[in-house]
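What follows is each chain in one-letter form.
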Protein chains: 2
Amino acid sequence: MQRRLLQTTSSLIRRNRCFYNYSKTHIITPVCLYSTTKSVPLTADTYSKKVQRDPKYKQLDQQDLDYFKSVLPENSMITDEDDLLFFNEDWMRKYRGQSKLVLKPRTTEQVSQILKYCNDNKLAVVPQGGNTGLVGGSNPVFDEIIISLSSLNKIRSFDPVSGILKADAGVILETADQYLAEQGYIFPLDLGAKGSCHIGGNVACNAGGLRLLRYGSLHGSVLGLEAVLPDGTIYNSMHSLRKDNTGYDLKQLFIGSEGTLGIITGVSILCPSRPQAQNVAFLAVSSYEAVQQVFVQARKELQEILSAFEFMDNTSQKLTARHLNLDHPIESGDFPFYVLIETSGSNKDHDDEKLETFLGNAMEEGLVDDGIIAQDEAQIQSLWSWRESIPEASTIGGGVYKYDVSIPLADLYGLVEDVNVRLNEAGIASLEDESKPVLAALGYGHIGDGNLHLNVSVRKYSPEVEQVLEPFVYEWISNKKGSISAEHGLGFQKKNYIGYSKNDIEVKMIKEIKNHYDPNGIMNPYKYV
Amino acid sequence: MQRRLLQTTSSLIRRNRCFYNYSKTHIITPVCLYSTTKSVPLTADTYSKKVQRDPKYKQLDQQDLDYFKSVLPENSMITDEDDLLFFNEDWMRKYRGQSKLVLKPRTTEQVSQILKYCNDNKLAVVPQGGNTGLVGGSNPVFDEIIISLSSLNKIRSFDPVSGILKADAGVILETADQYLAEQGYIFPLDLGAKGSCHIGGNVACNAGGLRLLRYGSLHGSVLGLEAVLPDGTIYNSMHSLRKDNTGYDLKQLFIGSEGTLGIITGVSILCPSRPQAQNVAFLAVSSYEAVQQVFVQARKELQEILSAFEFMDNTSQKLTARHLNLDHPIESGDFPFYVLIETSGSNKDHDDEKLETFLGNAMEEGLVDDGIIAQDEAQIQSLWSWRESIPEASTIGGGVYKYDVSIPLADLYGLVEDVNVRLNEAGIASLEDESKPVLAALGYGHIGDGNLHLNVSVRKYSPEVEQVLEPFVYEWISNKKGSISAEHGLGFQKKNYIGYSKNDIEVKMIKEIKNHYDPNGIMNPYKYV
């Protein structure tokens, strides 16, 4: 019985986790799956030269299981191997751990009891939210116990005057946003995985997403947190004050800590009023220089209503069209770059006028070659779906190497160009020739945030491809003083590359904080730093 | 020679630090001084029961002076007693320390050398920016060495595409904003003391100010920091990336740390485009309930252009009119509450229409009794001056007890009412009777942020008044789950009251972080926590 229920839950989540099909008739239908690789090799085998199980961690035994059983309600433990697979694997099917146990606490108190026991007994753990991460951060590497927050999923309170929401960490982002929509508010974060990801996971990974341009980072909007420290201490800092200058803002350390300092169990967050008017325009642009100019103009002319500025290169559009088997929204030709602009405001007429004036000017100045404006909500959704389908379209050949980076704007697209040059020089890339391991490198992302998603679309994961890409990509970014992880975090993938974005003193200070809060190192080991 | 130069600098700063006179002809003239108390008693004497000099700190000797002389350029040390006074006293003239030495380093490297020496020799220090704080945080209590950042005051760089400014900590806020204005940008923080306060001090105190409602907190807009740790380590984290998820966001600890963890020497901050249109309305409102309703409506109807929502009570306006010797901007009567609304946007016509529609609706619904809209920049400045004159007007009798607190909106003004009841019950308050020590308690502040400034206007500071106010005020706030310091910080004034806003575990964790970074406790002792 327990297993069936869990499988149902899992497949539901897996379905939610997929992106949706763009259709001319605007009927949204789910499409699966992200990667077509049949079985995922163990992370421990793939990276055996880089990482070994640390013998300081205890192996799970029956006594441990008995203890967890004693503190958790029925159906809160998973030990069946098939059921464990969903939690051991990441959704890109790149990483696979070997955990023998998933725990699903329902209260903060239970999280505290679990962590205290694990800390006392040197049992390593991995906190897991919606398991939608992109750097293997929420999956075990060896036999770490997975603590899933999925059963800690209640909205705690909402204040309609201040717009402050308090909720358990395991609330799904889309659930929170739908709840807020009913109150006339919006969650200040939106991202493709919203149907599966947890708000606690979002905070733990300092998710950026699609509308950071408008609503700012979680470091600004999260007002309070509840977290359990490795020793079981409950750090209750669930404040609901926009301003509070009494002591160091310790909650900030947990924002972006990726489960390495403790487990976030509750979030208090400031939510903006839901915009009453929304527009989306999709534009064709003939050069990356023009993309930048359009951005500078948009920020000036659309200023307070500009809520997203996304760019996509030609390759990303080719793969998306092929993947969705649809014509491109802009049918007049094949352009080097495309831009999606969203506005959100309180007065539709004003916003329409601003957007039309801006687009008129941009076309007159030759910055924009062609474009369409969504005429209704369905078209808005369709254009967004086109943008949001890129990550999935990138895996059309079988897999994808994803790099999520920040680079000063002027240099941003240069990375994609240089990676393509390098792949071609190595003779390993072709969009058509199926004998080549790589299709191409493509770029898209949040120009407004200086955030590029470099996706290297591959037919298979291989060390050969990896050697061409790494450390080249990281060195390139470091030379431009960028960040090797804009929003996806470090996780397992980038643990050894932090030095490309942070100097020795920063890394030393980060390690000291890790050691300060987690002296036994039980929290999400083999990752982060 | 050195002394004269320093005195000039000091008096210049003191003039800048004052608020400006509101005048019907819109001629702005400086008015001095804030407090009329002639000599400020030593903090050490006033609070001798609460605080004693810690003998673990070394007393300054000639050898120390020789060392500092060897690392600093000419004219970078102050030892003359008269000159020291400006740095030893706070601008409200409530606190006075006994430092024998002010150091004015000009480079980060010099700050590092100074701190390393102080740490090795257990010499206590107080970092000082513009010395405009309200809780005695930037003044020594005993003989701590004052490290003034005023000579570390260069703009380092500005990127007109991203809007990212990098500057030394000692740059004056208004200087930074004027520099940005020339580039079409705005500093995301504004406050009354802008003519004197330093951006490094703003960050160290996590200043909130007048436009947090629109541009968010410094935790969101500060992208990078450079700080010197007590042991002299230079933490160079001057990043200029909007998104960077590589490791714990350690710079956040320094935002609001009030000089207790290290000295901020550089700031990298994201600046928004300067609004092209601005409106200010001044409204009369008949009850606090109506103030809240006007706010909810304003947030809905003005949403993306609402940049300030300030409220003021009747007493604050009475004292301001008396102080400025002017008629109130709204001449039609005497109202219980007033509201200043500012809008900032990219299209003047759109903003005018939104504001007029909003005000029309609010008057029709009876929420607003009367109001005026500024017709030009001079009138905008005048209405802001009226609001910004309140702090100074509060000292009309001789002094003021200032409480800067966050309280959930519904309860916010109740604190002012209850304090007035308490003062009247004690028979110590009267606006007219000069034999009473207190004039009245008055309230104003940033409704948009849930931030009340409770000012208790007094004819003299006395233990009798303090006993009526404290811990009553703190207990009241604690009962409503508010913060005893919304934006002014803890400093010396609130060191012992943190427990009213933070629970035991939070306080313990804060103390542990302090000890982690400053094990010798040399940074700004006797304060904060």
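Cut-offs and rules
Residues numbered from 1 in each chain as written. Chains lettered and ligands numbered in written order. Predicted model: local features only at pLDDT ≥ 70, side-chain atom pairs only at ≥ 80, totals over all residues. Heavy atoms only, no water. Least-squares fit on C-alpha atoms with pLDDT ≥ 70 in both. Contact = heavy atoms within 4.5 Å. Buried < 20%, exposed > 50% of the residue type's maximum accessible area, 1.4 Å probe, protein only. Helix = DSSP H or I, 4+ residues; strand = E, 2+ residues; numbered from the N terminus. Buried area = accessible area lost by both parts, 1.4 Å probe. Salt bridge = Lys/Arg side-chain N within 4 Å of Asp/Glu carboxyl O. Polar contact = N/O pair within 3.5 Å; in protein donor to acceptor, adjacent residues only side chain to side chain. Nonpolar A, V, L, I, M, F, W, Y, C, P; charged D, E, K, R; others polar. Pairing = 2+ DSSP bridges. Axes fitted to C-alpha atoms, helices over the stretch in contact; angles between N-to-C directions.

## Observations concerning the relation of the copies chain B and chain A
Its rotation angle being 180°, the transformation that places chain B on chain A also includes 0.0 Å of axial translation and leaves an RMSD of 0.0 Å. What the superposition gives is, in effect, a two-fold axis relating one chain to the other. Relative to the rotation axis, the C-alpha of glycine 220 of chain B is the closest in chain B, positioned 2.1 Å from it. Comparing contact sets, 100% of the residues at the interface of chain B also lie at the interface in chain A, consistent with an isologous, same-surface contact.

## Considering helix H12 (residues 314-324) of chain A
Residues and elements named next belong to chain A. The element H12 is extensively covered by neighbouring structure, given that eight of its eleven residues are classed as buried. Where H12 is concerned, the buried positions are Asn314, Thr315, Ser316, Gln317, Leu319, Thr320, Ala321 and Leu324. Positive backbone phi, at 55°, marks asparagine 325, one or two positions downstream of H12.

## Some words on the environment of cysteine 118 of chain B
Residue and element names in this part refer to chain B. Relative to the helices and strands, cysteine 118 resides in helix H5 (residues 108-121). Overall, the relative accessible area of 0% leaves cysteine 118 in the buried class. For the pair cysteine 118 and tyrosine 57, spaced 61 residues apart in sequence, the C-alpha separation works out to 9.7 Å. If we skip the residues at most four places from it in the chain, cysteine 118 touches Phe68, Leu123, Val125, Ile145 and Ile522.

## As for the interface of chain B and chain A
Between chain B and chain A, the contact holds 91 residues from the first and 91 residues from the second. Of the roughly 6800 Å² buried at the junction of chain B and chain A (both faces included), carbon and sulfur atoms supply 54%. Seen at the junction of chain B and chain A, the total is six salt bridges. With a shortest N-O distance of 3.0 Å, aspartate 449 of chain B and lysine 243 of chain A are connected by a salt bridge. On the surface where chain B and chain A come into contact, there are 58 residue pairs in polar contact (both at pLDDT 80 or more). Of all the secondary structure elements, the ones that give two or more residues to the side of chain B that touches chain A are helix H8 (212-215), helix H9 (218-221), strand S8 (234-237), helix H10 (251-254), helix H11 (288-301), helix H13 (348-364) and helix H19 (504-517) of chain B. At nine residues, H19 of chain B tops the list of elements feeding residues into the side of chain B that touches chain A. Among the residues making up the side of chain B that touches chain A, the classes are represented as 31 nonpolar, 39 polar and 21 charged.

## Considering the sheet that holds strand S14 (residues 399-406) of chain A
All names here are of chain A. Pairing is antiparallel across the open sheet formed by seven strands, whose spatial order is S13-S10-S12-S11-S15-S16-S14. Of all the strands in the sheet, just strand S13 (370-373) and S14 have a single pairing partner and so form its edges. Recorded for the sheet is a direction-independent mean angle of 15° between the axes of neighbouring strands. Where strand S10 (residues 277-285) lies against strand S12 (residues 337-345), nine bridges are found, and the strand directions are antiparallel. The residue bridging asparagine 279 from the neighbouring strand is threonine 343, located in S12.

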